[in-house]
Amino acid sequence: ANELISAGASVVLGSYGSGVSIAASDTFKEAGVPAIGVTCTNPQVTEGNSHYFRIAFLDPFQGTVLANFAQEKFSAKKAYCLGELGNEYDQGLIKYFTDAFDGEVITDSFPTHTSDFSTYLSKAVSSGAEVIFCPVSISYSTQIVKLAASMGLEIPILGSDTLDSNMVLEAASSSDVKLYVST
């Protein structure tokens, strides 16, 4: 943000994520430079700000839509939610999904830098979950989707806007993984 202001930017288009947008907000405000978040879905990005705008939907909306989709499309009564421990984006979406889901929700969190998700997917299967909600980063989601394919997992995986990536689609290609993304 400081670099953009120093370079004379009169408006900022970005950033990619909510966390960095929130962190940069005061810098843009003090400089009188409006910013438009492209993929910022956290309500705190624009809450109480006269200078920060967004073009994306909010996480409460996204989580609710995915919970409703799970119930309407799959008649799901039990959902398994998986997110990165300490990741505000993942955990926030899981909260909004859980608040809107009319059934049992099992939640799990994995530590940062996890590379083996077999225990988590096995738990989803053994718990009888009818959907898996996994609003994680592209790098984690590609690993999870590839593993789900190798396991022959039949439980639909629901993802947030972070799963809207060709890399995630590629991980699911040539498999029977049922992947649904909220974008």
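Residues numbered from 1 in each chain as written. Predicted model: local features only at pLDDT ≥ 70, side-chain atom pairs only at ≥ 80, totals over all residues. Heavy atoms only, no water.

**A short note on the sheet that holds strand β5 (residues 104–110)**
Spatial ordering of the open sheet is given by β5-β4-β6-β7-β8, a layout of 5 strands whose pairing is parallel. In this open sheet, the two strands that pair with only one neighbour each are β5 and β8 (179–181). Here the average twist between neighbouring strands, direction ignored, is 25°. Across 2 bridges, the pairing between strand β6 (residues 131–133) and strand β7 (residues 157–159) is parallel. (Pairing = 2+ DSSP bridges. Helix = DSSP H or I, 4+ residues; strand = E, 2+ residues; numbered from the N terminus. Axes fitted to C-alpha atoms, helices over the stretch in contact; angles between N-to-C directions.)

**A closer look at the pairing of strand β4 (residues 78–84)**
A regular strand places its side chains so that they alternate between the two faces of the sheet. For β4, the buried fraction is high: 6 of the 7 residues fall into the buried class. With 7 bridges connecting them, β4 and β5 associate as parallel partners. Each residue of the ladder has a partner; that of K78, found in β5, is E104. Across 3 bridges, the pairing between β4 and β6 is parallel. (Buried < 20%, exposed > 50% of the residue type's maximum accessible area, 1.4 Å probe, protein only.)

**Considering the nonpolar core**
Formed by 25 residues in total, the largest nonpolar core has its most connected members in Y80, L82, F117 and I132. Residue assignment for this core shows that the elements contributing at least two residues are β4, β5, α5 (118–126), α6 (138–151) and α7 (166–172). Looking at this core element by element, the count peaks at 5 residues for α6. When residues no more than four places from it in sequence are discounted, the contact partners of F117 are L82, F110, Y140, Q143, I144 and L147. Counting 14 residues, the second-largest nonpolar core is a separate cluster that includes L66, A76, A79 and F97. (Core = buried A, V, L, I, M, F, W, Y, C linked by side-chain atoms within 4.5 Å. Contact = heavy atoms within 4.5 Å.)

**Let's talk about unusual backbone geometry**
One non-glycine residue, S75, lies in positive phi territory at about 50°. Checked against the element boundaries, S75 lands in the loop between α3 (59–74) and β4. Despite not being glycine, H113 shows a phi value in the positive range, around 75°. Secondary-structure assignment places H113 in the loop between β5 and α5.

So far we have only geometry, and geometry alone does not tell us how the molecule works.
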